[in-house]
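Each chain is listed here by its residues.
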Amino acid sequence: MIALSTFMEEARSRVATVEGKAQPFGVRAASLFFGFTFIWAGVGLWLVPGLDLTPYVLLAKMGLSIMLVTAGVGMTQIATGKPRKELHFDARNRQLLVLESLPRERMHVTQTINYEDIARVDISDKLLEVSGDCGKILVALALDGEHARLDAVAQLRSQAIFPG
């Protein structure tokens, strides 16, 4: 009996996504460098005096500085960590737990779905969607290709959520 309860404790399985998959270090460093460079260039454009401050020159400066600052902010966002979502199947409590974490942070439960509340599960190579009775999508999770899809199907079948 003890071996069975220990097995059930370890039977909590998960299907992880690639949401929040980190970029390689070189890409993050380059995007951070060029992002801050663009931001400083957009601000610095106003520190350099022009030949003449006609409305057309000011309009061109304004458009260029808005474009540089926007591009810089967008490039710095590439370097930030994105939240990761995971699904954990809790066989003992018959619940589907949606966990979320940022890099270097603890995972926390953002949503709990009872197995009885699940009416439909749609799986493709890119997406896993769990729908409720009224057709409302309870949780959608991005998957990383065919292997993640096959793993998700196996986990759902083992929990008796997905028909064989």
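Residues numbered from 1 in each chain as written. Predicted model: local features only at pLDDT ≥ 70, side-chain atom pairs only at ≥ 80, totals over all residues. Heavy atoms only, no water.

Focus: the sheet that holds strand β6 (residues 127-131)
Think of a sheet as strands paired side by side through backbone hydrogen bonds, with each pair either parallel or antiparallel. Here we have three strands laid out as an open sheet, ordered β5-β6-β7, and antiparallel in their pairing. Each edge of the open sheet is held by one strand with a lone partner, namely β5 (120-123) and β7 (137-142). The sheet shows a mean angle of 10° between the axes of neighbouring strands, taken without regard to direction. Two elements, β6 and β7, share five bridges in a ladder whose sense is antiparallel. Looking across to β7, one finds that V130 is bridged to V139. The strands that helix α4 (residues 145-158) touches are β5 and β6; relative to β5, the one it contacts most, it runs at about 160°. (Pairing = 2+ DSSP bridges. Helix = DSSP H or I, 4+ residues; strand = E, 2+ residues; numbered from the N terminus. Axes fitted to C-alpha atoms, helices over the stretch in contact; angles between N-to-C directions. Contact = heavy atoms within 4.5 Å.)

Some details on unusual backbone geometry
Backbone geometry places R94, a non-glycine residue, at a positive phi of 50°. Mapped onto the elements of the fold, R94 is located in the loop between β2 (84-90) and β3 (95-101).

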